[in-house]
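Architecture and fold: a report
Residue strings, one per chain:
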Amino acid sequence: MLDALTVTVSVAALALAAWCGFAAFRDQPTKDWHFIGMAVVTFLVLTQLVVGIVQLVRGEKAEEGATIFVAYLLGALCAVPIAGFMSLAERSRWGSATVAAGAVVLAVLEVRLYDIWTVG
């Protein structure tokens, strides 16, 4: 898998986590700008999903298996949008905290995806 894309997704997810965490610290709910940030991060993860599947179709192998790799890709794709929908239900500082937590989960999933792809 593309290491640069994995690092880009991780950095974007951590930036989103810091941004939303700061909003939660300031007692602010998620705003439209936060949702734009979530959309950008989700687009990056969708790109990673497509790249990962294309590489599997081309015959490249994930060290720990294609099934677990695709499952983690799908989980990574769902992490931030689910947190975003949950933040809509909680229109307080805790909505921002939920998105921050979802973005941290995405960053951790990215580390695990890298491990699944490269480490045997």
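This structure is a prediction, so every number in the text was calculated from the model and none was measured. (Residues numbered from 1 in each chain as written. Predicted model: local features only at pLDDT ≥ 70, side-chain atom pairs only at ≥ 80, totals over all residues. Heavy atoms only, no water.)

Mapped onto the elements of the fold, A13 is located in helix α1 (residues 3–25). For A13, a relative accessible area of 0% translates into the label buried. Here the alpha-carbon distance between A13 and A103, two residues 90 residues apart in the chain, equals 5.0 Å. The residues touching A13, leaving out its near neighbours within four places in the chain, are V41, A103, L106 and A107. (Helix = DSSP H or I, 4+ residues; strand = E, 2+ residues; numbered from the N terminus. Buried < 20%, exposed > 50% of the residue type's maximum accessible area, 1.4 Å probe, protein only. Contact = heavy atoms within 4.5 Å.)

To continue, consider the packing of helix α2 (residues 32–57) against helix α4 (residues 93–118). One can describe the packing of α2 onto α4 by two numbers: an axis separation of 12 Å at closest approach and a directional angle of 20°. Relative to α4, the element α2 is oriented roughly parallel. Handedness of the crossing formed by α2 with α4: left-handed. Only V99, L106, E110, L113 and W117 of α4 make contact with α2, whose side of the interface consists of M38, V41, V45, Q48, Q55 and L56. Residues of the contact of α2 with α4, tallied by class, amount to eight nonpolar, two polar and one charged. (Axes fitted to C-alpha atoms, helices over the stretch in contact; angles between N-to-C directions. Parallel < 35°, antiparallel > 145°, perpendicular 65-115°, else oblique. Left-handed = near helix turned anticlockwise from the far one by under 90°. Nonpolar A, V, L, I, M, F, W, Y, C, P; charged D, E, K, R; others polar.)

Here the focus is the packing of α1 against α4. Orientation of α1 relative to α4, taken along the N-to-C sense of each, is 160°, at an axis distance of 8 Å. It follows from the interaxial angle that α1 and α4 lie roughly antiparallel. For the pair α1 and α4, the sense of crossing is left-handed. Residues belonging to the contact of α1 with α4 are distributed by class as follows: 17 nonpolar, four polar and three charged.

What follows is about the UniProt feature "transmembrane region" (unreviewed entry) in the protein chain. Within the UniProt annotation, "transmembrane region" (unreviewed entry) is assigned to residues 33–57, 69–88 and 94–114. Split by type, residues 33–57 is 100% helix and 0% strand. Its first and last C-alpha atoms lie 36 Å apart. Taken end to end, residues 94–114 is 100% helix and 0% strand, and its two terminal C-alpha atoms sit 30 Å from one another. (UniProt positions renumbered as here; feature names shortened; annotations may be inferred.)

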